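Architecture and fold: a report
Chain by chain, the residues:
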Amino acid sequence: VLSELRIAGFDARTTTLQDGGADIIGWRSEGARRRTILVQCKHTQSSKSLNKDAAEEVLRSVDRYSDRIIGETTLLVASNASGFTSSAVEFAQSA
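Quick look at the structure, then. Computed from a prediction, not measured in an experiment: that's the story for all the values here. (Residues numbered from 1 in each chain as written. Predicted model: local features only at pLDDT ≥ 70, side-chain atom pairs only at ≥ 80, totals over all residues. Heavy atoms only, no water.)

**Topic: the environment of Lys48**
Applicable threshold: Each helix is a run of H or I in the DSSP string that is no shorter than four residues. Each strand is a run of E no shorter than two, and both are numbered from the N terminus. Buried, partly exposed and exposed residues are distinguished by accessible area as a fraction of the type maximum, computed with a 1.4 Å probe on protein chains only: under 20%, between the cut-offs, and over 50%, respectively. In this description, contact between two residues means that some pair of their heavy atoms is separated by no more than 4.5 Å.
For Lys48, the location among the structural elements is in the loop between β3 (33–42) and α2 (53–64). Its relative accessible area of 63% is what places Lys48 among the exposed residues. With residues near it in sequence (within four places) discarded, Lys48 still touches Ala81 and Ser82.

**Remarks on the pattern of salt bridges**
Formally: Salt bridges are identified by distance alone: a Lys or Arg side-chain nitrogen within 4 Å of an Asp or Glu carboxyl oxygen.
The full count for this structure, using the stated rule, is eight salt bridges. Among the ionic pairs, Arg28 bridges to Glu30, the shortest N-O distance being 2.6 Å. Judged by its relative accessible area of 25%, Glu30 is partly exposed. The shortest N-O distance in the salt bridge between Glu30 and Arg35 comes to 3.2 Å. The exposure class of Arg35 is buried, given its relative accessible area of 17%. The network of salt bridges with common partners includes Arg28, Glu30, Arg33, Arg35 and Glu72.

Given below as structure tokens:
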């Protein structure tokens, strides 16, 4: 995920806080606009869908990393899971 963000033009790096809700933070300039991306990475050994915990974690990371957020912010959960539960999707759409 880190290398893909860098390919997409983000200055991206892993976070230093242990479970601060985001594993990667990245920044990119888009003309005069700046964008920050916070990514929560989840690896699973099972074929289960992810519940809303991962989405809640990345949303909480906004407060933890507020001193590093510049401009518009995108929150992302990246996973090898088969998908997301309906409660996770509903939570993300309402956040």
